[in-house]
Amino acid sequence: MTHLTRGAKMKSKYIIVDLNGAEVPLVFSSFFQHEDVAIGVRGKVNSAGFCELDTEGKWVACGGSVSLKLDARQQDTGILNEHLGAVSLPGQSPCKTARASLPTNANI
């Protein structure tokens with residue numbers, strides 16, 4: 001069992017899934033196994049590993065997955081940032097911006 005230290009920084013895990021030719025990231029807690037998450041996903045898993053935010057609020061990918069026998073790829077960092085974006089600066093709310101750009105009939 002993993003023991004946590006208060007204030008300790010933990011990396012998240014991720015998989016990159018091919019959905020009809022588009023590579024899409026899925027980020028999840030490190031308490032889950034890559035394989036367990038991949039089972040519930042439609043599409044081929046192309047890569048897997050760990051990810052975290054750097055000091056500039058951008059995603060960085062590294063490592064790999066023992067359970068899936070896949071490694072992080074060089075392009076995974078770019079895919080994570082393209083789809084998930086960087087963390088917003090203090091005082092900015094990405095949810096307000098995203099909600100304002102949705103069509104009025106969108107269900108969220």
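In case you missed it, the structure is sitting above this.
A brief report on the enclosed structure follows. Note that the coordinates shown come from a computational prediction; the quantities given were computed from them, not determined experimentally. (Residues numbered from 1 in each chain as written. Predicted model: local features only at pLDDT ≥ 70, side-chain atom pairs only at ≥ 80, totals over all residues. Heavy atoms only, no water.)

## Details of the environment of Ser47
Mapping Ser47 onto the fold places it in strand 3 (residues 44–53). Sequence spacing of Ser47 and Tyr14 is 33 residues, and the spatial spacing of their C-alpha atoms is 8.5 Å. Looking at Ser47, its side chain comes within polar contact range of the side chain of Arg73, at 3.3 Å. A polar side-chain atom of Ser47 sits 2.8 Å from a polar atom in the side chain of Asp76. (Helix = DSSP H or I, 4+ residues; strand = E, 2+ residues; numbered from the N terminus. Polar contact = N/O pair within 3.5 Å; in protein donor to acceptor, adjacent residues only side chain to side chain.)

## With respect to the sheet that holds strand 2 (residues 22–28)
In a beta sheet, neighbouring strands are held together by backbone hydrogen bonds and run either parallel or antiparallel to one another. Strand order in the open sheet made by the four strands is 2-1-3-4, with antiparallel pairing throughout. If you trace the sheet from one side to the other, it starts and ends with strand 2 and strand 4 (59–62), each paired once. The sheet shows a mean angle of 40 degrees between the axes of neighbouring strands, taken without regard to direction. In terms of strand pairing, strand 3 meets strand 4 through four bridges, oriented antiparallel. Residue Glu52 lies in a different strand from strand 4, and its bridge partner there is Val60. The strands touched by helix 2 (residues 76–84) are strand 1 (12–19), strand 2, strand 3 and strand 4; relative to strand 2, the strand with the most contacts, the crossing angle is about 85 degrees. (Pairing = 2+ DSSP bridges. Axes fitted to C-alpha atoms, helices over the stretch in contact; angles between N-to-C directions. Contact = heavy atoms within 4.5 Å.)

## Some thoughts on the side chain of His34
Examined against the element boundaries, His34 turns out to sit in helix 1 (residues 34–39). At 3.3 Å, the side chain of His34 and the side chain of Ser65 are in polar contact.

## What about the state of the cysteines?
This structure, assessed with the given rule, holds zero disulfides. Of all cysteine sulfurs, the one in Cys62 lies closest to Cys51, which takes part in no disulfide; the gap is 8.1 Å. In this structure Cys51 comes out as buried when scored by relative accessible area, which is 1%. With relative accessibility at 26%, the residue Cys62 sits in the partly exposed group. (Disulfide = S-S within 2.5 Å. Buried < 20%, exposed > 50% of the residue type's maximum accessible area, 1.4 Å probe, protein only.)

## Observations regarding unusual backbone geometry
Positive phi values are uncommon outside glycine, yet Asn20 reaches one of about 55 degrees. Of note, Asn20 is situated in the loop between strand 1 and strand 2. Residue Lys69 is not a glycine yet carries a positive backbone phi of 55 degrees. Looking at the element boundaries, Lys69 is found in the loop between strand 5 (64–65) and strand 6 (70–71). Assessed through its relative accessible area of 74%, Lys69 is described here as exposed.

## Considerations on the pattern of salt bridges
A full pass over the atoms with the stated rule returns two salt bridges. With a closest N to O distance of 3.0 Å, Glu23 and Arg73 form a salt bridge. Here Arg73 lies in the loop between strand 6 and helix 2 and Glu23 lies in strand 2, a separation of 50 residues in the sequence. Between Arg73 and Asp76 there is a salt bridge, with its nearest N and O atoms 3.0 Å apart. Since its relative accessible area comes to 22%, Arg73 is described here as partly exposed. A residue is classified by how much of its surface remains accessible, and Asp76, at 0% relative accessible area, is buried. By sharing partners, the salt bridges in this structure join Glu23, Arg73 and Asp76 into a single network. (Salt bridge = Lys/Arg side-chain N within 4 Å of Asp/Glu carboxyl O.)

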